[in-house]
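One-letter residues, chain by chain:
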Amino acid sequence: DSSFLDLEPINLVSADVSIYTPRCTKYGQWINYYNKLKLSPLKPTMINMCCGEDGNTTRTFTWHTKPTLMNYFLYKKEGEEEFKVVESKTEPAYYYDTDATVHKVIIRDLTPGTYIYKCGEEGMWSDEYKFEIKRVTEEDKITILLTSDQQGINQEEYEVWKKANDVINENETYDIHINAGDISNDGIEFAYQWRYYYEFAKKDLYTKPHMTTCGNNDLTRNTQDGKKTDPIAFGWYFNYENEYLPSCYSWNYGYIHFV
């Protein structure tokens, strides 16, 4: 109940002047990006894998980089010598703290086995990750992980998601992760919320199909009336093969048809 509790004294002799130097309004809007997770300038981040329309043989991938003309998706079956190479389709993404490029690819006709993949370009490759394609029969059990509402406004709140995800991966096995929405708290305004979500769950999101629906907080505010109605940010993080409208799609996996 005291405004003084919201203030932090800064010693400009020893502080990082690029962050703490006094600024007037000509420097633009005051936003709280300065000490939050940044988009990596060195390699792709926020890699996402989804089932394609035929989830038995198809995977779709999405990732973010600093602005670039093109990126590539490299994949091979475990034991093979050479990677197959697919050029990504790109679209621009505009954040308050940086511009970015969104990359998307669809990989079809996958056969059962373990695959190794990476994405990026020369000098800026991601780490290598693995995913599995299974031949599911009617006798097999399909296990779904359902999560929801990771939304937070800073790193401390997303630490809760990190702890939950660590416990899940230590104690559970599952085929598909479905997120029911509200991954972010502010859609496009504070993109670092999405960055924390991915950074704290790489083991899951980079290696298992991650299917999502758009929560109201994943929408972006309309500049006309200030209401959250625009799904543009949601489309930057996921790649659904037969999406009829944003967040409306279906796919097959084993003996289940998901809508």
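Predicted model, so just to flag it, every value in this text is computed and none were measured. (Residues numbered from 1 in each chain as written. Predicted model: local features only at pLDDT ≥ 70, side-chain atom pairs only at ≥ 80, totals over all residues. Heavy atoms only, no water.)

A.B. asks: Explain the pattern of salt bridges here, please?
C.D. replies: Side chains that differ in sign of charge can pair as their charged atoms come close. Following the criterion strictly, the structure yields nine salt bridges and no others. Here Lys43 ties to Asp127 by a salt bridge, and the two come within 3.4 Å at their closest N and O atoms. Note that Lys43 is positioned in the loop between helix 1 (17-20) and strand 1 (45-51) and Asp127 in the loop between strand 8 (124-125) and strand 9 (129-133), a separation of 84 residues in sequence. We classify Lys43 as partly exposed; its relative accessible area is 28%. (Salt bridge = Lys/Arg side-chain N within 4 Å of Asp/Glu carboxyl O. Helix = DSSP H or I, 4+ residues; strand = E, 2+ residues; numbered from the N terminus. Buried < 20%, exposed > 50% of the residue type's maximum accessible area, 1.4 Å probe, protein only.)

A.B. asks: In this structure, what is going on with the nonpolar core? I would like to understand it.
C.D. replies: Soluble, globular proteins show a tendency: their nonpolar side chains are buried together. Core analysis: the largest hydrophobic core is formed by 52 residues, its most contacted members being Phe61, Phe73, Tyr117, Met211, Tyr237 and Trp251. In this view, Tyr237 contacts Met46, Asn48, Thr62, His64, Tyr95, Ala191, Trp194 and Tyr198; residues no more than four positions away in its chain are not counted. (Core = buried A, V, L, I, M, F, W, Y, C linked by side-chain atoms within 4.5 Å. Contact = heavy atoms within 4.5 Å.)

A.B. asks: What is the right way to look at the sheet that holds strand 6 (residues 99-107) in this model?
C.D. replies: Pairing between sheet strands relies on hydrogen bonds along the backbone, with the strands arranged either parallel or antiparallel. The four strands lie next to each other as 1-2-6-5, forming an open sheet whose pairing is antiparallel. Of all strands in the sheet, those bounded by a partner on one side alone are strand 1 and strand 5 (89-94). Strand-to-strand twist in this sheet, taken as the mean axis angle between neighbours without regard to direction, amounts to 20 degrees. For strand 1 and strand 2 (residues 59-65), the ladder comprises five bridges, and the chain directions are antiparallel. Of the residues in strand 2, the one forming a bridge with Thr45 is His64. (Pairing = 2+ DSSP bridges. Axes fitted to C-alpha atoms, helices over the stretch in contact; angles between N-to-C directions.)

A.B. asks: Just checking my understanding: could you explain the sheet that holds strand 12 (residues 210-212) for this structure?
C.D. replies: With respect to topology, three strands assemble into an open sheet ordered 10-11-12, the strand pairing being parallel. The open sheet has two edge strands, strand 10 (144-147) and strand 12, and neither has a second partner. For this sheet, the mean inter-axis angle between neighbouring strands, taken without regard to orientation, is 25 degrees.

A.B. asks: Help me out: how do you make sense of the packing of aromatic side chains in this one?
C.D. replies: For any pair of aromatic rings, the description rests on two quantities: the centre-to-centre distance and the angle between the ring planes. Enumeration according to the criterion identifies 28 aromatic pairs in this entry. Arranged with centres 5.9 Å apart and planes meeting at 40 degrees, the rings of Tyr117 and Tyr129 form a pair that is tilted. Separated by 12 residues along the polypeptide, Tyr117 in strand 7 (residues 113-121) and Tyr129 in strand 9 bring together distant segments of the chain. Judged by centre distance (5.2 Å) and plane angle (10 degrees), the rings of Trp161 and Tyr197 are stacked. Note that Trp161 is positioned in helix 2 (residues 155-171) and Tyr197 in helix 3 (residues 192-199), a separation of 36 residues in sequence. On the basis of relative accessible area, Trp161 is assigned to the buried category, the value being 6%. Through a chain of ring-to-ring contacts, the aromatic side chains of Trp161, Trp194, Tyr197, Tyr198, Phe234, Tyr237, Phe238, Tyr240, Tyr249, Trp251 and Phe258 assemble into a single cluster. In this structure, Lys76 is placed above the aromatic ring of Phe83, and the distance from its NZ or CZ to the ring centre is 4.5 Å. Here the basic side chain of Arg195 rests over the ring of Tyr95, its NZ or CZ set 5.3 Å away from the ring centre. (Phe/Tyr/Trp six-rings, centres within 6.5 Å; stacked < 30°, edge-to-face > 60°. Lys NZ or Arg CZ within 6 Å of the ring centre and 35° of its normal.)

A.B. asks: What should I look at first to understand the environment of Asn239 in this one?
C.D. replies: As for its position among the elements, Asn239 is in the loop between helix 5 (232-235) and strand 15 (251-253). C-alpha separation for the pair Asn239 and Asn11, spaced 228 residues apart in sequence, amounts to 46 Å. Among all residues touching Asn239, those that are not within four sequence positions of it are Cys50, Thr60, Phe61, Thr62, Lys104, Val105 and Ile106. Here Val105 takes part through its backbone oxygen, which lies 3.2 Å from a polar atom of the side chain of Asn239. (Polar contact = N/O pair within 3.5 Å; in protein donor to acceptor, adjacent residues only side chain to side chain.)

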